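# Per-entry structural report
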Amino acid sequence: MQRPVWDDYFMEITEVVSRRSTCLRRQVGAIIVRDHRILATGYNGAPSGIRHCLETGCLREKQGIPSGERHELCRGLHAEQNALLQAAVHGIPIAGGIFYVTHQPCVLCAKMIANANIREVVYRGDYPDLLALDIFEESGVKLVRFEVL
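Report follows, based on the coordinates. (Residues numbered from 1 in each chain as written. Predicted model: local features only at pLDDT ≥ 70, side-chain atom pairs only at ≥ 80, totals over all residues. Heavy atoms only, no water.)

## Regarding the sheet that holds strand β4 (residues 120-125)
- What the five strands build is an open sheet, ordered β2-β1-β3-β4-β5; its pairing is mixed. What marks the edges here is a single partner per strand, and that holds for β2 (37-43) and β5 (142-145). Averaged over all adjacent pairs, the angle separating strand axes in this sheet is 20°, with direction ignored.
- Note that strand β1 (residues 29-34) and β2 share six bridges and pair antiparallel. Bridge pairing in β2 links Ile 32 to Ala 40.
- Against the sheet, helix α4 (residues 79-89) makes contact with β1, β2 and β3 (98-103), and its axis sits at roughly 130° relative to β2, the strand it touches most. (Pairing = 2+ DSSP bridges. Helix = DSSP H or I, 4+ residues; strand = E, 2+ residues; numbered from the N terminus. Axes fitted to C-alpha atoms, helices over the stretch in contact; angles between N-to-C directions. Contact = heavy atoms within 4.5 Å.)

Here's what the structure looks like:
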């Protein structure tokens, strides 16, 4: 038996977390890690106590909004936002941590991640948001595309 390296281990966990998503368009999972310990997890979906898109249908789909545009027209929170909120609710310090995400974060999440003093984001799938890439570069947050070997 061969033990997975840390990045493989954490990216596999983000895939499991993403399976909790209630988004009809894209299932995203995120975890925040520091010192090889998971501090918080998040997946995309409606806020607690609000009906999920699985029940109501996708507002963005109904309005024909392309992926990567008009983020405010959605019932759900992004996986990264939910992980940040979980850390805040439970008083877990995340500064200096690493975000592992199934997809490249959007610009809204990039700004939050930069302000939370996250030092690195490891992601697998693409997302059509070039401004997010600029935010990461200018803020000094290292962005690493995870490649399966």
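## Digging into the pattern of salt bridges
- Following the criterion strictly, the structure yields six salt bridges and no others.
- Here Arg 25 ties to Glu 61 by a salt bridge, and the two come within 2.9 Å at their closest N and O atoms. With a gap of 36 residues between them, Arg 25 in the loop between α1 (6-18) and β1 and Glu 61 in helix α3 (residues 59-62) connect regions that are remote in the sequence.
- Among the charged side chains, a salt-bridge network with shared partners connects Asp 126, Arg 145 and Glu 147. (Salt bridge = Lys/Arg side-chain N within 4 Å of Asp/Glu carboxyl O.)

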